[in-house]
Amino acid sequence: MEQHLPLAEPYRIKVVEPIRMTSREEREMLIRQAGYNPFLLPSEAVYIDLLTDSGTSAMSDRQWAGMMVGDEAYAGSRNFYHLQAVVEELMGFKYVIPTHQGRAAENILFTVMLHEGNVVPNNMHFDTTKAHVLHKHGRPVDLVIDAAYEPGLPLPFKGNMNPAKLEALIAQVGRENIPIVMLTLTCNSGGGQPVSMANIREVREVCRRYGLPLFLDACRFAENAYFIKQREEGYRDKTVREIVKEIFSYADGCTMSAKKDALVNIGGFLALRDQDLYQKCSVWAVLFEGFPTYGGLAGRDMEAMARGLTEVVDEAYLASRIGQVRYLAEQLTAAGIPIVQPPGGHAVYLDAGAFLPHIPRDQFPAWALTVALYLEGGVRAVEIGTVLAGRNPETGAHDYPRLDLVRLAIPRRVYTDRHMDVVARAVINIYSRRDQIRGLCFTYEAPVLRHFTARFKPVDAA
Ligand code: F0G
C-alpha cells in the first residue's frame, strides 16, 4: 500500500551558523570550569542549545528584509503602525505599546493595575510575572487544575485554570483585592501545556460576573491555538487565525514576549482594548521603556516582529514546529524515559525525580541531569526544579517545588530532526546508566536567583 508523504519543514535553509561538537574530555573540563552550572558555559562550548526557546528563533528572509526598511524616527515610525495593524487584525486589540521584552510589558501593566496586598490569580505564573507581582507587594496565586502536577497523566489541556478555585479565591479575598485575572498560554511552568477555548470562556465568565479584567500572558499564543485546533471539539475546521481571534476576543489585553511566538530575537508588547487604561500605561512606558511608538525597540525590530506575528500563524509552520517537539518526545517515550505527558508546544520536560530516584532532592537530581546531558552530548538544557525554586525566606530551607524537571526547550526553525535524534540518543544513553549519576552540592549560592550564578561540585568529590 502506498504511504503518505512525510511532512517536512515548510522552508529551506539559506543561511547557516556553524556549531561544533566538543570531545568528552573538553566538556568535562568546560563544565568543571563553569562550576557545573550550564548557565555559566560559553555558548560556543554547546553543541545543541535547548536552554530556552526565547529569543533563539531563526528569522525568515522576509523578516531580515523588513529590518532594512526600519523607520528609526523617534515618533510615529511606520513600523510601529505596521505592528499595530497586525496586532489589531490578529488579536483585535486597538492599543499596542512595544516593549523591549515580555517582562517589561508586565512591569508597565502591574505598575498601573496592582496595589499593595492585591492578589493575582493565574493558571501558573511564569517566574518574571510572579516576581513582578511580588515586587508590587502583591500575592501571585496559581490556580491550574490538579492534573497539571501529575507528569504521567496525558490530558489534552493540562494548562487549564480550575474555575472553582478562582471562585473560591474571590470569595476568600474579596473581588476588590483582585485587580486582574491572568491566563498563561501555553502554560510554561506546567510543561508548555495548552489552555482550552472552553476553559478560557469559563474563566472569562467568572471574570464577567465579578467585573474582573482578564489578561493573557500570550507568549506562545499560536502554539496554544494549534493545540485547540488539534484537540478541542469544534475547532478542527477553523483556521488558526480564527482560533487566535476568538481566544483574544475574551480578553481585555495581553502581555507578550515576542521572543517566542513572534519569531524574533528581542521584543515584546502590551496590547489593550481600553483607551483609558492605554493612556495610563503609556505614561509609564515613557518612563521605563521609551516613547510609546517605539517603547524600547528600534523601528527595524518592530518590523521583524510584525512580520513574525504573521508567519507564526501559518499552519504548515505550526505543524512542523509542534511536530518536531512531538518527534523528540516520541523517541524518549518509546525508550521508557519519564517525561511530562503529553509533550508541550515548545519543550519536552524530563521528570528528573523519576529518572534519578536514587538522588535525594537536596542533591538536585534535575540539575545533575542537565550536567549529565551536557557531558554526554554537548546538549544544554535547563533545570526547572529545586535550585530554580530557591529558599523559603522565613525558614531558609529549600522551597521544594512539586516536581524536579529538566526542560528541553526547542528553538523555532533552528535545529533539524537529526539534531533531535542526537538529543534523544544522549538522553537514552544516560538513562541506561542512570544509577552512576551523582548528585551535586553548592560551593557558591547567591541569596536570590541562585540558579543563574550558583557553583557546584559532585557530592562525593573531595
Ligand atoms: N511569560 C512567559 C510564559 C514566559 O515564558 C516568559 C519568558 C515571560 C513571560 C517573560 O518574557 O523573557 O521576554 O521578558 N520565558 C523565557 C523562558 C525566559 O526561557 O521560558 P521575556
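Let me sum up the structure you'll find in this document. (Residues numbered from 1 in each chain as written. Predicted model: local features only at pLDDT ≥ 70, side-chain atom pairs only at ≥ 80, totals over all residues. Heavy atoms only, no water.)

With respect to the packing of aromatic side chains
Stage number 1. Going through the model one piece at a time under the given rule, you end up with 13 aromatic pairs.
Stage number 2. Measuring from centroid to centroid gives 5.6 Å for Phe80 and Tyr81, while their planes differ by 70°, and the two rings are edge-to-face.
Stage number 3. In this structure Tyr81 comes out as partly exposed when scored by relative accessible area, which is 45%.
Stage number 4. Geometrically, the ring pair formed by Phe355 and Tyr431 is edge-to-face, given 4.9 Å between the ring centres and 70° between the ring planes. Here Phe355 is found in helix H13 (residues 352-355), whereas its partner Tyr431 is found in helix H16 (residues 417-432), with 76 residues between them in sequence. Across the pair, exposure class does not vary: Phe355 and Tyr431 are buried alike. (Phe/Tyr/Trp six-rings, centres within 6.5 Å; stacked < 30°, edge-to-face > 60°. Buried < 20%, exposed > 50% of the residue type's maximum accessible area, 1.4 Å probe, protein only. Helix = DSSP H or I, 4+ residues; strand = E, 2+ residues; numbered from the N terminus.)

Considering the sheet that holds strand E9 (residues 347-351)
By definition, the strands of a sheet pair up through backbone hydrogen bonds, in either a parallel or an antiparallel sense.
Stage number 1. Ordered in space as E9-E12-E11, the three strands form an open sheet in which the pairing is antiparallel. In the strand order of this sheet, the two ends are held by E9 and strand E11 (382-384), each with one partner. When the angles between neighbouring strand axes are averaged without regard to direction, this sheet yields 30°.
Stage number 2. Where E9 meets strand E12 (residues 405-409), five bridges bridge the pair, whose relative direction is antiparallel. When the sheet's bridge partners are listed, Leu350 is paired in E12 with Val406.
Stage number 3. The strands touched by helix H12 (residues 315-334) are E9 and E12; relative to E9, the strand with the most contacts, the crossing angle is about 25°. (Pairing = 2+ DSSP bridges. Axes fitted to C-alpha atoms, helices over the stretch in contact; angles between N-to-C directions. Contact = heavy atoms within 4.5 Å.)

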